[in-house]
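Take a look at the letters that make up each chain.
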Amino acid sequence: MEDCLAKKMEITVSEAEKRTGRNAMNIQETYTAYLIETRAVESQSEGQCAPVDSLWRRYSEFELLRNYLSVTYPHIVVPPLPEKRADFVWHKLSADNMDPDFVERRRIGLENFLLRVASHPVLCQDKIFYAFLTQEGGWKEMVNETGFQLKADSRLKALNATFRVKNPDKRFTELKHYSDELQSVISHLLRVRARVADRLYGVYKVHGNYGRVFSEWSAIEKEMGDGLQSAGHHMDVYAASIDDILEEEEHYADQLKEYLFYAEALRAVCRKHELMQYDLEMAAQDLTSKKQQCEELATGTVRTFSLKGMTSKLFGQETPEQREAKIKVLEEQIQEGEEQLKSKNLEGRDFVKSAWADIKRFKEQKNHDLKEALISYAVMQISMCKKGIQVWTNAKECFSKM
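Note that residues are indexed from 1 along each chain, following the sequence as it is written. Local features are withheld for residues below a pLDDT of 70 in this predicted model, meaning they are given only at 70 or higher, and side-chain atom pairs are given and counted only at 80 or more; totals for whole chains, interfaces and linings count all residues. Side-chain calculation: all heavy atoms of the structure are included, whereas hydrogens and water are not.

Draft legend 1. Structural context of the environment of Glu29. The residue Glu29 is located in strand S2 (residues 28-40) in this model. Placed 10 residues apart in sequence, Glu29 and Arg19 show a C-alpha to C-alpha distance of 8.4 Å. In this text, helices come from DSSP runs of H or I with a minimum length of four residues, and strands from runs of E with a minimum of two, each type numbered from the N-terminal end.

Right, here's the structure in full:
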């Protein structure tokens with residue numbers, strides 16, 4: 001961790017800007033660009049103020065970076081991006097991806113993504129990631145030149161592996177189930193939070209009716225007028241405060257959403273392991289088949305029914321020379337298959353070792369982050385309750401002075 005990029009460079013996404021331009025199909029579109037600022041830390045420790053480097057990136061470029069990292073480092077739980085469009089929001093909050101409040105929260109989420117990657121012991125050393133932060137022109141070409149798209153596994157192949165692996169690793173199976181359950185729990189929690197936020201909004205805003213009624217009542221009272229007017233003022237302030245409170249609460253929801261999306265990153269690691277296991281099993285099956293063919297040719301016996309065996313019966317046996325030639329080809333293929341199987345076994349062991357090291361790191365990070373987020377959320381709820389008590393305490397004092 002001492003060598004991670006986050007220790008050497010300050011990284012911020014300091015600004016978001018709405019822009020209009022033309023896409024690859026020459027169609028005009030409106031999008032949001034984000035200003036990434038970086039500053040070297042080393043020169044600051046020497047008492048000098050390092051210059052700030054800055055460049056603009058679109059959300060789609062962040063997506064390209066993450067796709068590259070996911071394909072290049074399949075054993076790593078790659079940090080997720082913030083949502084492209086708002087979900088699990090209370091109904092008074094805009095779900096428009098161009099809404100200023102949503103863009104601001106996404107700006108914070110994109111900064112958090114960059115800091116997550118910059119703090120990762122492996123991802124922080126990636127040259128493409130460094131270029132993303134420091135090289136505005138030609139970055140996309142640099143990513144595409146890596147050929148990472150060719151390494152990406154197709155969804156059909158991944159689905160096939162899921163259903164056809166004969167000996168799945170129990171640890172990865174359990175991890176996959178855990179990620180599904182984690183996503184389900186957090187989704188439910190976010191829905192409950194959105195419903196609670198809706199009700200809180202209603203309760204707070206109804207206090208504005210108290211303010212209006214007390215103000216109207218104060219107009220027809222002489223002795224009681226000042227007290228009623230003051231109590232109404234407290235109610236109006238209380239009613240107006242809910243907008244800022246729930247906007248602040250949305251930031252806590254975004255922390256939960258990050259781990260909602262982390263669940264998919266966990267599943268991606270599990271899927272990659274399934275694919276490797278599937279390839280390994282197919283290679284072993286192919287090797288066994290070739291050894292059997294070689295044995296049958298060498299002994300002249302056919303253990304199982306095959307089209308080849310039936311053809312021999314119908315059209316006669318092969319000559320010794322033909323059989324020897326085929327045996328030689330099969331022996332070469334068997335040797336090649338054994339080397340390939342050995343290589344796949346070694347690759348699989350390395351993957352499991354690296355993946356579990358990163359999963360352990362991720363779990364420690366998750367436990368710490370979710371604990372802090374839930375505590376902060378509880379503290380905010382306590383603060384809201386205290387504010388409600390204080391409003392009615394103030395109102396009581398106003399009534400007492402009438």
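Draft legend 2. Layout of the sheet that holds strand S1 (residues 9-22). As summarised here, the arrangement of the 3 strands in space is S1-S2-S3, forming an open sheet in which the pairing is antiparallel. Two strands in the sheet have a free side with no partner beyond their single neighbour: S1 and strand S3 (53-58). Adjacent strand axes in the sheet meet at a mean angle of 25° when their direction is disregarded. Think of it this way: DSSP has to see at least two bridges between two strands before they count as a pair. For S1 and S2, the ladder comprises 13 bridges, and the chain directions are antiparallel. Each residue of the ladder has a partner; that of Arg19, found in S2, is Tyr31. Against the sheet, helix H3 (residues 59-72) engages S2 and S3, with an angle of about 90° to S3. The strands that helix H5 (residues 127-134) touches are S1, S2 and S3; relative to S3, the one it contacts most, it runs at about 105°. Here, axes are lines fitted to C-alpha atoms. For helices the fit covers the stretch in contact, and angles between N-to-C directions go from 0 to 180 degrees. When checking whether two residues touch, look at their non-hydrogen atoms; a contact exists if any pair is within 4.5 Å.

Draft legend 3. Region of the structure containing the pattern of salt bridges. The rule for a salt bridge is simple: a side-chain nitrogen of Lys or Arg has to be within 4 Å of a carboxyl oxygen of Asp or Glu. In this structure the tally under the stated criterion is 23 salt bridges. Note that Lys84 and Glu63 form a salt bridge whose closest N and O atoms lie 3.6 Å from each other. Of this pair, Lys84 sits in the loop between H3 and helix H4 (100-119) while Glu63 sits in helix H3, and the two are 21 residues apart along the sequence. The partly exposed category is assigned to Lys84, whose relative accessible area is 37%. Relative accessibility thresholds used throughout: buried, under 20% of the residue-type maximum; exposed, over 50%; partly exposed, between the two (1.4 Å probe, protein chains only).

Draft legend 4. Broad picture of H4. How far a helix is expected to stretch is found by multiplying one less than its residue total by 1.5 Å. Taking 1.5 Å of rise per residue, 20 residues should cover 28 Å, and H4 covers 29 Å from first to last C-alpha, within 8% of that figure. Taken residue by residue, H4 has Phe102, Val103, Arg105, Arg106, Arg107, Gly109, Leu110, Phe113, Leu114, Arg116, Val117 and Ala118 as its buried positions.

Draft legend 5. Highlighting the packing of aromatic side chains. Each pair of aromatic rings taken from Phe, Tyr and Trp, with Trp reduced to its six-membered ring, is defined by centres within 6.5 Å and is described as stacked if the planes are under 30 degrees apart, edge-to-face if over 60, and tilted in the remaining cases. Tallied over the full model, the rule gives 13 aromatic pairs. Ring centres of Phe62 and Phe113 lie 6.5 Å apart, and the angle between their planes is 65°; this geometry places the pair in the edge-to-face category. You can see Phe62 sitting in helix H3 and its partner Phe113 sitting in helix H4, a full 51 residues away along the chain. Like Phe113, Phe62 is buried. Ring centres 4.2 Å apart and planes at 25° place the aromatic pair Tyr204 and Tyr238 in the stacked group. One end of the pair, Tyr204, is in helix H9 (residues 170-218); the other, Tyr238, is in helix H10 (residues 225-240), and 34 residues separate them in sequence. By relative accessible area, which is 2% here, Tyr204 ends up buried. Residue classification places Tyr238 among the buried residues on the basis of a relative accessible area of 8%. Each member of the aromatic cluster is reached from another via a ring pair, and the members are Phe62, Phe113, Phe132 and Trp139.

Draft legend 6. Just the nonpolar core, in detail. Counting residues in hydrophobic clusters, the biggest one holds 34 residues, and the most contacted among them are Leu65, Leu114 and Leu133. Sorting the residues of this core by element identifies S1, S2, H3, H4, H5 and helix H6 (139-145) as the ones contributing at least two each. Excluding its chain neighbours within four sequence positions, the residues that come into contact with Leu65 are Phe113, Leu114, Ile128, Phe129, Phe132 and Trp139. Take the buried residues of types Ala, Val, Leu, Ile, Met, Phe, Trp, Tyr and Cys, join any two whose side-chain atoms come within 4.5 Å, and each joined set is a nonpolar core. With 22 residues, the next largest nonpolar core counts Ala253, Leu260, Ala355 and Leu370 among its residues.

Draft legend 7. The arrangement of the environment of Ile27 in detail. Relative to the helices and strands, Ile27 resides in the loop between S1 and S2. For Ile27, the contacting residues outside a window of four places in its chain are Gly21 and Arg22.

Draft legend 8. Highlighting the layout of surface pockets. The pocket and cavity definitions rest on a 1 Å grid over protein atoms only: a 1.4 Å probe that fits but cannot leave marks a cavity, an open set with protein on both sides within 12 Å along at least five of seven lines marks a pocket, and residues lining either have an atom within 4 Å of a point. Grid points are joined across faces, edges and corners, and a volume is the space filled by probe spheres set on the points. Here the largest pocket is characterised by a volume of approximately 1000 Å³. Every residue lining the largest pocket is counted, 31 residues in all, and those nearest its centre are Arg66, Asn67, Ser70, Ala268 and Arg271. Those elements that place two or more of their residues in the lining of the largest pocket are H3, helix H7 (148-151), helix H8 (155-164) and helix H11 (242-299). With 8 residues, the top contributor of residues to the lining of the largest pocket is H11. Gly is put with the polar residues, along with every residue not named as nonpolar or charged; the nonpolar set is Ala, Val, Leu, Ile, Met, Phe, Trp, Tyr, Cys and Pro, and the charged set is Asp, Glu, Lys and Arg. Class assignment of the residues belonging to the lining of the largest pocket gives a composition of 17 nonpolar, 4 polar and 10 charged.

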